[in-house]
Amino acid sequence: MTTMFRYPVFPVLPGLDQADIPEGLSRARSIMAEPDYMDGDGDDLIKPKKLLNPVKSSRNHQDLHRELLMNQKRGLAPQNKPELQKVMEKRKRDQVIKAQKEEQEAHKKRSDLEVELMKRRETLEQLELEQNKNEEEQENTPEFVKMKSNLRRTKQEVDGQERAT
């Protein structure tokens, strides 16, 4: 007896020996009952036919199958992503969209105090930029130009004092 995984492949039936089995038939085939329609004398019986699948016989299914085959031949096969991966990508997109909406709403719903503080911050930043530009220009200018501007400034201060008195 042949065994596989510690279980017998063909069960041992009482009263059936290897000598009782014809040579052409295997042991499993001798145990199984043969269907009635296999006999040659039942020609008047209707033999069973395989049922047609209504989905496969539909025109839409055939067109879709033809299109998929053509795309596969061209190398344009659709991406076969697992369902879990598709769901995770959709959730990630939804979270990004939700975060963008919340950010936009946060910008829209600023109070008057926040708006005023934003304006002041912008003006201070502009002033700092202008001061930095002036300092850079003064560092890059030659020494004689600096001296000339100092002389001009002192002259204006002296003229201003003379007028005041």
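By the naming in an unreviewed UniProt entry, the chain goes by Family with sequence similarity 107 member B and is assigned to Culter alburnus.

Peer 1: For this particular structure, what's the right way to read the overall build of the chain?
Peer 2: Summing up its helical and strand segments, the chain has six helices and two strands in all. The linear arrangement of helices and strands in the chain, starting from the amino end, is β-β-α-α-α-α-α-α. Residues counted as buried form 2% of the 165 residues belonging to the chain. Surface accessibility of the chain: about 16800 Å² in total, with carbon and sulfur atoms responsible for 54%.

Peer 1: Could you clarify how one ought to interpret the pattern of salt bridges in this entry?
Peer 2: Between side chains of opposite charge, pairing is possible as soon as their charged atoms come close. Following the criterion strictly, the structure yields two salt bridges and no others. Here D63 and R66 are joined by a salt bridge, their closest N and O atoms 3.0 Å apart. Of the two residues, D63 and R66 are both situated in helix 3 (residues 59-74); the distance of three residues between them amounts to about one turn of the helix. Assessed through its relative accessible area of 32%, D63 is described here as partly exposed. Under the relative-accessibility criterion, R66 is labelled partly exposed at 41%. Two residues, K90 and D94, come together in a salt bridge whose shortest N-O distance is 3.5 Å. Note that K90 and D94 are positioned in helix 4 (residues 83-108) at a spacing of four residues, about one turn of the helix.

Peer 1: Can you walk me through helix 3 in this structure?
Peer 2: One turn of the α-helix equals 3.6 residues, which is why residues spaced by three or four share an orientation. Here helix 3 contains 16 residues, and its C-alpha end-to-end distance of 23 Å stays within 8% of the 22 Å for a straight helix at 1.5 Å per residue. In the segment just after helix 3, G75 is the residue with positive phi, at about 90 degrees.

Peer 1: Explain a negative patch on the surface to me, please; I cannot follow it from the model alone.
Peer 2: Together, E135, E136, E137 and E139 give the surface a local cluster of negative charge. By the secondary structure assignment, E136 is in helix 5 (residues 112-140).

What counts and what doesn't
Here, residues in each chain are numbered from 1, in the same order as that chain's written sequence. The predicted nature of this model means local features are confined to residues of pLDDT at least 70 and side-chain atom pairs, given and counted, to a pLDDT of 80 or more, with totals for whole chains, interfaces and linings taken over all residues. Hydrogens and water are ignored here; the side-chain numbers use all heavy atoms of the structure. A run of H or I in DSSP counts as a helix once it spans at least four residues, and a run of E counts as a strand once it spans at least two, with each numbered from the N terminus. Burial classes: relative accessible area under 20% of the type maximum marks a residue as buried, over 50% as exposed, and values in between as partly exposed (1.4 Å probe, protein chains only). All accessible areas in this document rest on Shrake-Rupley with a 1.4 Å probe, and a residue is counted as covered only by the protein chains that are shown. Whenever Lys or Arg places a side-chain nitrogen within 4 Å of a carboxyl oxygen from Asp or Glu, that contact is recorded as a salt bridge. What a helix is expected to span follows from its residue count: subtract one and scale by 1.5 Å. Patches were defined on residues exceeding 30% relative accessible area and lacking a salt bridge, with like-charge contacts within 9 Å and nonpolar side-chain contacts (Val, Leu, Ile, Met, Phe, Trp, Tyr) within 5 Å. Working convention for charge: Lys and Arg count positive, Asp and Glu count negative, and His plus the chain ends are omitted. To locate a charge, take NZ of a lysine, CZ of an arginine, CG of an aspartate or CD of a glutamate.

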